[in-house]
Amino acid sequence: MLAGKRILLIVSGGIAAYKVLDLIRRLRERGAGVIPVMTRAAEQFVTPLSLSALAGEKVYRDLFDLTDEAEMGHIQLSRAADLVVVAPATANLLAKMAGGQADDLASTLLLATDKAVLVAPAMNVRMWQHPATQRNVATLRGDGVAFVGPNEGDMACGEYGPGRMAEVPEILAAIEAALAGGPLRGRRVVVTSGPTHEPIDPVRYIANRSSGAQGTSIARALAGLGAEVVFVTGPATVPPPAGVEVVRVETAREMLEAVQAALPADAAVFAAAVADWRVANAAGQKMKKDGTGLAPALEFAENPDILATVAGMSEGRPRLVVGFAAETHDVEAHARAKRDRKACDWIVANDVSPATGIMGGAENEVTLITAEGAETWPRLSKDEVAGRLAQRIAEALA
Ligand SMILES: Cc1cc2nc3c(=O)[nH]c(=O)nc-3n(C[C@H](O)[C@H](O)[C@H](O)COP(=O)(O)O)c2cc1C
């Protein structure tokens, strides 16, 4: 299972760093290659020499090492492994990962990698239980980062509680599980995201306030569980996630075409805020004021209904079709009616009235409507909503 695999092992500055010497030995015994990376603080706990001697590889420590950049740049290094393992993961490094910081080699590699990431946190019990650390862990889980430990037990600092790094055999088992792929390995999922732009003329368009944040988080979480994700996105303000196939579209009609081209798939998640109407008499040239004071009359035509089209396919319909219902009132009733009308399997309903701050914001409060009924989730970050939904999709496709 581990033979021939390459592990990028990032060691940060915790007292448990000594345990990674044994981890490296065990990985190599099983035929895996280990590329060690150390933070500055890690060098206070174990020497680069010990790591490189056990790994049989050069230890990478500096972002701005010109020789390394000539031999292997930091982007290439971040991709040169089958799995990225952070052990021990300090509270500081978890915070940097959760915040998307990249101010040294370790954090830059973690931001640049397109590979799965497994972290083994190790810290004092108070540091682990601190709301800031728990927020960071929740964010990272939502981003698809896998965790092993920490365990409960006696700590080097003399306190007792959760915070001890997982033992080497547990980390080895988690590495094997991560390399075997997540529960969605071998599954293909189409995700739509963002708004659509419907042209009025070549320079003007009708759009909506969707940022693409929720769809992007869902695509990332699905990919984190091992799915092959086709991400069909309108002109969103949030950049698409790494590790997915990105198809960029502008209009609702282009989005439908891109979705149909991406099928067959095991599941389809339609998180995009698709315009219901397009301008039927869009001008081929920029419209000009003609001096009469008369405003142009726009005529509207209904756009194709992507959710209903795919959910209603008689052949090649994805096994699970998930729609979103953005409502401003009577959310659950409207969402239930939408699920029946569109013949989709699930509806993720949310209240997008301006007072909620959901549209364009970082949080979401959703109700999941399935054949079994309605389930209201607490207000969560969009990443956490995505993580939960991806787990449910994995269970439904299992
Ligand atoms: C003796 C000693 C032990 C430490 N052990 C830990 C630890 O187990 N976990 C942790 O999160 N931080 C620990 N720290 C604090 C980190 O070393 C510190 O936050 C550092 O900035 C982490 O840098 P890094 O994340 O870049 O490796 C320890 C500090 C000292 C002085």
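Since this is a predicted model, take the numbers as computed values, not measurements.

What counts and what doesn't
Residues numbered from 1 in each chain as written. Predicted model: local features only at pLDDT ≥ 70, side-chain atom pairs only at ≥ 80, totals over all residues. Heavy atoms only, no water. Pairing = 2+ DSSP bridges. Helix = DSSP H or I, 4+ residues; strand = E, 2+ residues; numbered from the N terminus. Axes fitted to C-alpha atoms, helices over the stretch in contact; angles between N-to-C directions. Contact = heavy atoms within 4.5 Å. 1 Å grid on protein atoms, 1.4 Å probe; cavity = no way out; pocket = protein on both sides within 12 Å on 5 of 7 lines; lining within 4 Å. Points joined across faces, edges and corners; volume = space filled by probe spheres on them. Nonpolar A, V, L, I, M, F, W, Y, C, P; charged D, E, K, R; others polar. Domains from an automatic or database assignment. Buried area = accessible area lost by both parts, 1.4 Å probe. Phe/Tyr/Trp six-rings, centres within 6.5 Å; stacked < 30°, edge-to-face > 60°. Lys NZ or Arg CZ within 6 Å of the ring centre and 35° of its normal.

**Some details on the sheet that holds strand 20 (residues 373-376)**
Reasoning step 1: The strand order 12-11-8-13-16-17-19-20 describes an open sheet built from eight strands, whose pairing is mixed. The two strands at the open ends of the sheet, each matched to only one other strand, are strand 12 (245-248) and strand 20. The mean inter-strand angle of the sheet, taken between neighbouring strand axes irrespective of direction, is 15°.
Reasoning step 2: In terms of strand pairing, strand 13 (residues 267-270) meets strand 16 (residues 320-327) through four bridges, oriented parallel. Looking at the pairing, A267 lines up with L320 of strand 16.
Reasoning step 3: The sheet contacts of helix 14 (residues 382-397) involve strand 13, strand 16, strand 17 (346-351), strand 19 (366-370) and strand 20, and relative to strand 17 the element is tilted by about 165°.

**Things to note about empty space enclosed by the protein**
Reasoning step 1: Overall, the coordinates contain one cavity of 30 Å³ or more when judged by the stated rule.
Reasoning step 2: As for the largest cavity, its lining consists of Y60, D62, L63, D68, E69, M72, G73, H74, L77 and L105.
Reasoning step 3: Of the residues in the lining of the largest cavity, the class split is five nonpolar, two polar and three charged.

**Things to note about the pairing of strand 20**
Reasoning step 1: Summarising the sheet, strand 19 and strand 20 pair through four bridges and their orientation is antiparallel. Counterpart to T370 in the pairing with strand 20 is G373.
Reasoning step 2: Taking the residues that link successive antiparallel strands as the turn, the strand 19-strand 20 hairpin has two residues.

**Some thoughts on the domain arrangement of the protein**
Reasoning step 1: Segmentation of the protein into domains returns domain 1 (6-179) and domain 2 (188-397).
Reasoning step 2: A straight line from the C-alpha centre of domain 1 to that of domain 2 covers 36 Å.
Reasoning step 3: With five residues of domain 1 in contact, the opposing surface of domain 2 contributes five residues.
Reasoning step 4: At the boundary of domain 1 with domain 2, total buried surface from both sides reaches about 510 Å², with 54% on carbon and sulfur atoms.

**As for the packing of aromatic side chains**
Reasoning step 1: Summed over the entire model, instances satisfying the criterion amount to zero aromatic pairs.
Reasoning step 2: A cation over a ring is seen here: R141 above F147, with NZ or CZ 4.6 Å from the ring centre.
Reasoning step 3: Over the ring of W377 we find R388, and its NZ or CZ is 5.4 Å from the ring centre.

**Let's talk about the sheet that holds strand 1 (residues 6-11)**
Reasoning step 1: Pairing is parallel across the open sheet formed by five strands, whose spatial order is 2-1-3-4-5. The sheet terminates laterally at strand 2 (33-38) and strand 5 (146-147), the two strands that pair on one side only.
Reasoning step 2: When strand 1 meets strand 2, the two strands line up parallel, connected through six bridges. Bridge pairing in strand 2 links I7 to V34.
Reasoning step 3: Strand contacts of helix 5 (residues 91-99): strand 1, strand 3 (83-89), strand 4 (117-121) and strand 5, with the helix running at about 145° to strand 4, the strand carrying the most contacts.

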